[in-house]
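Listed here are the chains, written in short residue letters.
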Amino acid sequence: MSLPRVSIQTGDFDVGAEVAALRAGDARVGAVCAFVGTVRERNDGQPVSVLELEHYPGMTEKAIEAMIDEAQRRFDLYRVRVVHRVGALQPQDQIVLVAVTSAHRGESFRACEFLMDYLKTQAPFWKKEQTPEGARWVDARAADDAALARWGIQACNA
């Protein structure tokens with residue numbers, strides 16, 4: 001059975017198990033790069049008690065699959081795995097895993113960074129933080145758009 005490239009889920013994920021499954025049976029792999037994003041306890045100087053993530057099922061997976069296709073066009077990769085959580089998350093909870101395999105570390109590092117830059121700006125997720133002042137939606141950041149632009153991609157979230 002083949003490992004899916006994208007999973008959107010409410011439950012947590014096991015980084016070790018995900019990486020082991022990504023590498024399984026592929027003796028070509030010389031490099032694995034994995035990034036794990038977690039919920040911070042503060043954002044923009046405000047305490048955050050809960051981060052709520054929403055998405056459109058089907059549309060989100062399709063968008064991330066397209067991002068992975070683009071990463072595989074740009075970099076010499078073997079396998080890619082993206083796991084993104086939705087629902088209510090607490091500070092220190094894992095939100096996202098991006099993991100890639102390749103023959104060499106440079107391709108893996110660049111592909112992982114590319115995918116995270118792409119995910120931060122182009123994946124159809126909506127984030128709402130619960131703070132002492134109440135709930136607030138998280139807007140796209142100019143720094144995230146700039147990170148994507150260095151790959152020659154214009155952010156379409158304006």
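For the structure, see preceding data.
The following refers to the structure shown. Remember, it's a predicted structure, so these values are computed and weren't measured experimentally. (Residues numbered from 1 in each chain as written. Predicted model: local features only at pLDDT ≥ 70, side-chain atom pairs only at ≥ 80, totals over all residues. Heavy atoms only, no water.)

**Remarks on a nonpolar patch on the surface**
Among the surface-exposed residues, Y56, M59, W126 and W137 lie close enough to one another that they form a single nonpolar patch of about 460 Å² accessible area. Examined against the element boundaries, W137 turns out to sit in strand β10 (residues 134-137). (Patch = residues over 30% accessible without salt bridge, like charges linked within 9 Å, V, L, I, M, F, W, Y side chains within 5 Å. Areas by Shrake-Rupley, 256 points an atom, 1.4 Å probe, with all protein chains shown as cover. Salt bridge = Lys/Arg side-chain N within 4 Å of Asp/Glu carboxyl O. Helix = DSSP H or I, 4+ residues; strand = E, 2+ residues; numbered from the N terminus.)

**Some thoughts on the pairing of strand β8 (residues 94-102)**
Most of β8 sits out of view: nine of its nine residues are buried. By the bridge criterion, eight bridges tie strand β2 (residues 31-38) to β8 in an arrangement that is antiparallel. Among the inter-strand pairings, F35 is bridged to a residue of β8, identified as V98. Two strands pair when backbone bridges link them, and strand β6 (residues 77-85) and β8 are joined in this way by seven bridges, in the antiparallel orientation. Each residue of the ladder has a partner; that of R79, found in β8, is T101. (Buried < 20%, exposed > 50% of the residue type's maximum accessible area, 1.4 Å probe, protein only. Pairing = 2+ DSSP bridges.)

**Digging into the sheet that holds β8**
Read from one edge of the open sheet, four strands run β1-β6-β8-β2, paired in mixed fashion. Of all the strands in the sheet, the pair left with one neighbour each is β1 (6-9) and β2. Across the sheet, the mean angle separating the axes of adjacent strands is 10° when strand polarity is ignored. In the sheet, β1 pairs with β6 via four bridges, with the strands oriented parallel. Paired with S7 across the strands is V83, a residue of β6. Together, β2, β6 and β8 form the strand contacts of helix α3 (residues 105-122), whose direction differs from that of β8 by roughly 145°. (Axes fitted to C-alpha atoms, helices over the stretch in contact; angles between N-to-C directions. Contact = heavy atoms within 4.5 Å.)

**As for the sheet that holds strand β9 (residues 125-131)**
An order of β7-β5-β9-β10 is seen for the four strands of this open sheet, with the pairing classed as antiparallel. In this open sheet, the two edge strands, each paired with only one partner strand, are β7 (87-89) and β10. Along the sheet, successive strands turn relative to each other by an average axial angle of 25°, direction set aside.

**Here's the deal with the nonpolar core**
Of all hydrophobic cores here, the largest spans 32 residues; its most connected members are I64, V98, V100, F114, L115 and L119. Contributing elements (two or more residues each) for this core: β1, β5 (50-55), α2 (59-74), β6, β8 and α3. Per element, the largest residue contribution to this core is seven residues, and it comes from α3. By size, the runner-up hydrophobic cluster in this structure holds five residues, among which are F13, L22, V83 and L97. (Core = buried A, V, L, I, M, F, W, Y, C linked by side-chain atoms within 4.5 Å.)

**What to know about the pattern of salt bridges**
When the charged atoms of two side chains lie near each other, side chains of opposite charge can form a pair. In the structure shown here, the tally under the stated rule is nine salt bridges. Where R5 meets D69, a salt bridge forms, and the shortest distance between an N and an O atom there is 2.8 Å. Here R5, found in the segment before β1, pairs with D69, found in helix α2; they are 64 residues apart in sequence, far enough to count as distant. One connected set of salt bridges, linked through shared partners, spans R5, E65 and D69.

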